[in-house]
Amino acid sequence: MAKDPICGMEVDQNKTKFSAVKDNMQYYFCSNNCKTQFLAGNKTEDNAANTGNSDSNNNSRNSSNNSSAGITGNTVNSSRSTLKISGMHCASCAVNIEKNLNKTAGVVKANVNFANEKAYVEYDNSKAKEDDFVKLIKKLGYKAATESQLSQLNKSAESKPGEVILDITGMQSQHCQGIIERTVAALGGIKEIKANLATEKAEIKYDPEKIKVFEIIKAIENAGYGASQTQSKDFEKEEREKEIRTLKLKTFITFLLSIPLFYYMAESFFGVPLPEFLEQNIKIIQFAFTMPIVLISYRIYTSGFKAIVFNRSPNMDSLIAIGTSAAFIYSIYTSFYGGDLYYEITGLLLLFILLGKTLEAIAKGKTSEAIKKLIGLQAKTAIVVRKDPNSKSKNATIEVEIPIEQVEAGDIVIVKPGEKIPVDGIIVDGHSSVDESMLTGESIPVEKTKGDKVIGATINKVGYLKFKATKVGKDTALAQIIRLVEEAQGSKAPIQKLADQISAYFVPAVVVIAIIAALTWYLLGFGFASSLTIFVAVLIIACPCALGLATPTAIMVGTGKGAENGILIKSAEALQKATEITTIIFDKTGTLTKGKPEVTDILSTGSGKSRLKEDEVLRFAAIVEKRSEHPLGEAIVNGAKARNLTLPEPKKFKSITGKGVEAVYGNKHILLGNRKLMTETKALDKLKASEKTLMEENLQRLENEGKTAMLIAVNKKIVGIVAVADTLKENSREAVSQLQALGKKVYMITGDNQRTAQAIAAQVGIKNENLGDKSDAGKSSNFVLAEVLPENKAEEVRKLQNAGEKVAMVGDGINDAPALAQSDIGIAIGSGTDIAIETGEIVLIKEDLRDVVKAMKLSRMTMKKIKQNLFWAFFYNVVGIPVAAGVLYPATGWLLSPIIAGAAMAFSSVSVVTNTLLLRGKRL
């Protein structure tokens, strides 16, 4: 299997229709979209090279952008791996792992996300393997597992075509295992069968063309055993819930053990009287209750000291471990030799830290709510048509309800009213309305009939549908959206770079500050006990967690909220760059307009007997356009068919870029195109002056109405005009108006002539304006870019970038690929079925251009939240650490208690995550 260099999807090179050669290397693609993007990307790079301009604007989307969007580039050996990491306690841990991964041979780029506890590694698979990364992370003192390992753990790996894992019931011995293996092996199409008595599972490899999973299950049942396909589980969710349950239990037990310590602290602070027995045995009682708390929190100590000794990269646990150990060991010393006790500081600090970790884990889990909702949309079962194994007739079929995992491409699926559509496919029978709001956000159901596409997880409202499954499992639109959002949530925004750099040096710096503060107060005569208190307070109040959570949690919530609104943002970098956009360029056809033009006018320009009827003019135009794939040509052909005109096949068809088309039919040479084509072929020369005048008047009138008018000539004699118009999308004008209200410059780009372009642009509120200031008197700002050939659109984007603009290009993601690639942000209008392979860094699932406005607002709101989080994280540490070090003591006589410092530290990271979660309630 080959790997698509654009989307990373595995492609069977023997079956795919799409391939290309570059630098003597053969590349294979999953679709024409990816092939077009690949070729367009090469072309864009060549164009940039030819300009000789190395300005960063000219190559605004480099390889790092692509990798964060889930694109690995054109390296044949390039692979991507996602690793689940457990045991990270702060941003320092994430920075340490990321630094070591990036040093590994073969790694192109590694990104570790503290918020979702994952590492994303792009690497050369000829130089490195996934297991290398797992071993490295474990060596650093953390736990790690690849996606495939996680799948094996939860026993729900998405089965590859021709592989299935079955749960078997009723096996009592090796004899039973042998019966099952022999029964299945005897079936036609079975390649391999391994039954396992211990796990009660059977792993089977089979030929999908010869046998289906339900037939295998039926054979096992006939042998006297139960069989069913292993159901998928959300292993990460189970692990997260297990972690939260463990933390809650530890916190509760620690709270109970801390009650006596609270009592002793109350006696110290408030003079609460102690019974004689408690006062006499204070050392034994405090030690007896503190020691179990220390043991319950043993992971903090193993993690903290291991990070110091083995990794030489201390983390937040290191600060806690050093501070509480110092207080605990000193208390043991004073228990024998006399002095102040600090057992309660150790116990209560650990209580607050465990409470903070619990609240943080719960809050972090809520940041990925969008992914959970998307996963929950999937249907659990499907009704498919299968051959009836009990019938003698070869054509007999039955309807079988099976788990969604068993549906295979090519299956005929039946969906009844009110049911979820299980997978993507094409309707072969039936008519209904389908609620696609989960995908598009559009509440009005869409009418579906034979030949239409349906998307998995949408809801069939009223009718009966039978469709052929085309995409199942990880290839469905919903699965691609989930993957895209997960990748975006795991990517890193440029603004996070500063926090990462600080986190790398944060903990060592805090340790140094704590030592200096303690020594200073000791030398000033405060004694060892007071200096120790300051030392512990400084260590405990510092919180690198808040810095580590500030950016990724906001990215997770922001991208998730976008997905819920039909806006797919492929990377954190795209989300940040969207806030910098000053100029937005809309492609006309298919973006501002519906992309479905219709014939509006047919004019015959001849006179006397040579004057053709309107139907004859349209017929000639349709004949020459019959082989064209241009939307305008399709409109003309459809217009002729609507009039029941016969359209014979033309000969010698040729498309003349930017001018028109020509073909031969019989003994007639037909030309259809614009003025340039007619001038170059000298067809205009055959017209009389009066005819030229009338023709020009008609052309101008039609173009002023926003129509595309084309001249048709037969044997180089102009015989008529055919006008085609594309209707605007309902919300185009509103979207343009809202963007202009946000202060964005809005442009329209099209291949239409200037007059037609101006007319259409005016309808949506885009027009060229005179600049107001005196220095530019007489000049105009040209917001309508007309007569631009597809290959020149990227150049127009580049011109604006060179003028200092940050440009977003909005197009369909295929024809506009070069311009989308050149722009600072490419916004692709998606159809909802090939979301993950669109060109743009932002994909709008709906055809509603108001989502461009929502994307801009979402970007702004997310970045605002990130800046708030970073401000409070920095502010807390900048203020808290000096206060803990005693800077207020000379003026106030007050020193910060380590217990208060611990509570502040525990709740600082919780407050950052809570502030981020407020974003979920914002309206776009």
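Residues numbered from 1 in each chain as written. Predicted model: local features only at pLDDT ≥ 70, side-chain atom pairs only at ≥ 80, totals over all residues. Heavy atoms only, no water.

Peer 1: Before we go on, may I ask you to explain the overall build of the protein in this structure?
Peer 2: Scanning the protein from N- to C-terminus turns up 31 helices and 36 strands. For the protein, buried positions account for 53% of its 924 residues. If you take every contact in the protein between residues at least 6 apart in sequence, the share linking residues at least 24 apart comes to 69%. A total of about 42,200 Å² of accessible surface is found on the protein, and carbon and sulfur atoms cover 54% of it. (Helix = DSSP H or I, 4+ residues; strand = E, 2+ residues; numbered from the N terminus. Buried < 20%, exposed > 50% of the residue type's maximum accessible area, 1.4 Å probe, protein only. Contact = heavy atoms within 4.5 Å. Areas by Shrake-Rupley, 256 points an atom, 1.4 Å probe, with all protein chains shown as cover.)

Peer 1: Help me understand the packing of aromatic side chains, please; the structure alone is not making it clear to me.
Peer 2: Geometrically, a pair of aromatic rings is defined through the distance of the ring centres and the angle of the planes. Applying the stated criterion to the full structure yields 14 aromatic pairs. A centroid spacing of 6.5 Å and a plane angle of 25 degrees characterise the contact between Tyr-330 and Tyr-333, whose relative ring orientation is stacked. Of the two residues, Tyr-330 and Tyr-333 both sit in helix H12 (residues 316-337), 3 residues apart, roughly one turn of that helix. Both rings, one in Tyr-747 and one in Phe-783, keep their centres 4.8 Å apart while their planes meet at 65 degrees; by these two values the pair is edge-to-face. Taken together, the positions of Tyr-747 in strand S30 (residues 745-749) and Phe-783 in the loop between strand S32 (780-781) and strand S33 (784-785) put the pair 36 residues apart, joining distant regions of the chain. Residue class for Tyr-747 comes out buried when judged on its relative accessible area of 7%. Owing to a relative accessible area of 12%, Phe-783 belongs among the buried residues under this scheme. Pairwise contacts between aromatic rings join Tyr-330, Tyr-333, Tyr-337 and Phe-528 into one cluster. (Phe/Tyr/Trp six-rings, centres within 6.5 Å; stacked < 30°, edge-to-face > 60°.)

Peer 1: Just checking my understanding: could you explain the nonpolar core for this structure?
Peer 2: The nonpolar side chains of soluble globular proteins are, as a tendency, buried together. Among the nonpolar cores identified, the biggest contains 153 residues, and Met-88, Ile-97, Leu-101, Ile-584, Phe-586, Ile-766 and Ile-827 are the most heavily contacted of them. Setting aside anything within four residues of it in sequence, one finds Leu-101 in contact with Val-107, Ala-110, Val-112, Ala-119, Val-121, Phe-133 and Leu-136. Core analysis: the second largest hydrophobic core is formed by 25 residues, Leu-618, Ile-636, Ala-640 and Leu-647 among them. (Core = buried A, V, L, I, M, F, W, Y, C linked by side-chain atoms within 4.5 Å.)

Peer 1: What exactly am I supposed to notice about the sheet that holds strand S9 (residues 163-169) here?
Peer 2: For sheets, the rule is that strands pair by backbone hydrogen bonds, running either parallel or antiparallel. On the basis of which strands lie adjacent, the open sheet formed by 4 strands has the order S10-S11-S9-S12 and antiparallel pairing. Among the strands making up the open sheet, the edge pair consists of strand S10 (190-196) and strand S12 (226-229). Taking the axes of each pair of neighbouring strands and ignoring which way they run, one obtains an average angle of 25 degrees across the sheet. Where S9 meets S12, 4 bridges bridge the pair, whose relative direction is antiparallel. Bridging from a neighbouring strand, Leu-166 pairs with Gln-229 of S12. Along the sheet face, helix H7 (residues 213-222) touches S9, S10, strand S11 (201-206) and S12 and points at about 160 degrees away from the line of S12. (Pairing = 2+ DSSP bridges. Axes fitted to C-alpha atoms, helices over the stretch in contact; angles between N-to-C directions.)

Peer 1: How do you make sense of the sheet that holds strand S18 (residues 446-448) when you look at a structure like this?
Peer 2: An order of S18-S17-S20 is seen for the 3 strands of this open sheet, with the pairing classed as antiparallel. Since the sheet does not close on itself, it has two edges, and those belong to S18 and strand S20 (459-460), each with one partner. Pairing geometry for strand S17 (residues 432-435) and S20, over 2 bridges, is antiparallel. Note that in S20 the partner of Asp-435 across the bridge is Ile-459.

Peer 1: Any chance you could explain the pairing of S9 here in plain terms?
Peer 2: Moving residue by residue along a regular strand, the side chains alternate between the two faces of the sheet. Of the two faces of S9, the one holding Val-164, Leu-166 and Ile-168 is buried and the one holding Glu-163, Ile-165, Asp-167 and Thr-169 is not buried anywhere. Inspection of the sheet shows S9 paired to S11 by 5 bridges, in the antiparallel sense. When the bridges of S11 are listed, Glu-163 appears paired with Lys-205.

Peer 1: Help me understand unusual backbone geometry in this model?
Peer 2: Outside of glycine, negative phi angles account for most residues, and trans bonds account for most peptide bonds. In this model, Asn-715 sits at a positive phi of 50 degrees, which is unusual for a non-glycine residue. With respect to the secondary-structure elements, Asn-715 resides in the loop between strand S28 (708-714) and strand S29 (717-725). Residue Asn-715 is classed as partly exposed on the basis of its relative accessible area of 39%. Phi is positive for Glu-787, which is not a glycine, with a value near 55 degrees. If you trace the backbone, Glu-787 turns up in the loop between S33 and helix H27 (793-802). The class of Glu-787 is partly exposed, set by a relative accessible area of 45%.

Peer 1: How should I be thinking about the packing of helix H11 (residues 298-309) against H12 in this particular structure?
Peer 2: To describe two helices that pack against each other, one gives the angle between their axes and the distance between the axes. Running from N to C, H11 and H12 point in directions that differ by 110 degrees, and their axes come no closer than 7 Å. In this view, H11 runs roughly perpendicular relative to H12, as classed from their interaxial angle. Residues Arg-299, Ile-300, Tyr-301, Ser-303, Gly-304, Phe-305, Ala-307 and Ile-308 of H11 form the contact with H12, whose participating residues are Asp-317, Ser-318, Ile-320, Ala-321, Ile-322, Thr-324 and Ser-325. By residue class, the composition of the contact of H11 with H12 is 8 nonpolar, 5 polar and 2 charged. (Parallel < 35°, antiparallel > 145°, perpendicular 65-115°, else oblique. Nonpolar A, V, L, I, M, F, W, Y, C, P; charged D, E, K, R; others polar.)

Peer 1: Can you help me understand the environment of Ser-173 in this one?
Peer 2: As for its placement among the helices and strands, Ser-173 is situated in the loop between S9 and helix H6 (174-185). For Ser-173, a relative accessible area of 28% puts it in the partly exposed group. Separated by 25 residues in the primary sequence, Ser-173 and Ala-198 place their C-alpha atoms 9.5 Å from one another.

Peer 1: Can you help me understand a positive patch on the surface in this one?
Peer 2: On the surface, Lys-143, Lys-242, Arg-245 and Arg-299 cluster together to form a positively charged patch. Inspection of the secondary structure puts Arg-245 in helix H8 (residues 235-270). Classification of Arg-245 by relative accessible area gives exposed; the value is 53%. (Patch = residues over 30% accessible without salt bridge, like charges linked within 9 Å, V, L, I, M, F, W, Y side chains within 5 Å. Salt bridge = Lys/Arg side-chain N within 4 Å of Asp/Glu carboxyl O. Lys, Arg positive; Asp, Glu negative; His and termini not counted. Charge placed at Lys NZ, Arg CZ, Asp CG, Glu CD.)

Peer 1: How should the confidence of the model for the protein be read in this particular structure?
Peer 2: Low pLDDT marks stretches whose predicted atomic positions should not be read closely. Summarising the model, the protein shows a mean pLDDT of 80, and 85% of its residues fall at 70 or more. Segment residues 770-780 is flagged for pLDDT under 50; beyond a separation of four residues in sequence, or across chains, it makes 7 contacts in the model. This stretch, residues 832-837, has a pLDDT under 50; its non-local contacts, to residues over four places away or in other chains, come to 29 contacts. (pLDDT = per-residue confidence, 0-100.)

Peer 1: Looking at this structure, how should I read the pairing of S17?
Peer 2: Because side chains alternate across S17, one face comprises the buried residues Ser-432 and Val-434, and the other comprises Ser-433 and Asp-435, equally buried. Pairing analysis gives 3 bridges linking S17 to S18, with the strands arranged antiparallel. By the bridge assignment for S18, Ser-432 is matched with Lys-448.

Peer 1: How do you make sense of the pattern of salt bridges when you look at a structure like this?
Peer 2: Two side chains of opposite charge can pair, provided their charged atoms sit close to one another. For the coordinates displayed, the defined rule picks out 26 salt bridges. Notably, a salt bridge pairs Lys-707 with Glu-705, separated by 2.9 Å at the nearest N-O pair. Salt bridges sharing partners connect three or more residues here, namely Asp-601, Arg-701, Glu-705 and Lys-707.

Peer 1: Sorry, what's going on with the packing of helix H21 (residues 614-625) against helix H22 (residues 631-642) here?
Peer 2: Where H21 contacts H22, the two axes come as close as 8 Å, and the packing angle between them is 130 degrees. Overall, the two elements H21 and H22 adopt an arrangement that is oblique. For the element pair H21 and H22, the recorded crossing hand is left-handed. Contact residues: H21 offers Leu-618, Ala-621, Ala-622 and Glu-625, while H22 offers Gly-633, Ile-636, Val-637, Gly-639 and Ala-640. Residue classes in the contact of H21 with H22 are distributed as 6 nonpolar, 2 polar and 1 charged. (Left-handed = near helix turned anticlockwise from the far one by under 90°.)

Peer 1: I would appreciate a short explanation of the environment of Leu-858 in the present structure.
Peer 2: Mapping Leu-858 onto the fold places it in helix H29 (residues 850-885). With 291 residues separating them in the primary sequence, Leu-858 and Ile-567 have C-alpha atoms 9.5 Å apart. Beyond its immediate chain neighbours, meaning those up to four positions away, Leu-858 contacts Gly-558, Lys-561, Gly-562, Ile-569 and Leu-924.

Peer 1: Even after reading the chapter, I still don't get H21, so can you show me in this structure?
Peer 2: Residues lying three or four places apart along an α-helix face the same way, a consequence of the helix completing one turn every 3.6 residues. Here H21 is 12 residues long and its end C-alpha atoms lie 17 Å apart, about the 16 Å a rise of 1.5 Å per residue gives. In terms of burial, H21 is a largely internal element, 9 of the 12 residues being buried. Three or more residues of H21 are buried, namely Val-617, Leu-618, Arg-619, Phe-620, Ala-621, Ala-622, Ile-623, Val-624 and Glu-625. (Expected span 1.5 Å × (residues − 1).)

Peer 1: Help me out: how do you make sense of the environment of Phe-336 in this one?
Peer 2: Here Phe-336 is to be found in helix H12. In sequence terms Phe-336 and Lys-283 are 53 residues apart; their C-alpha atoms lie 9.2 Å from each other.

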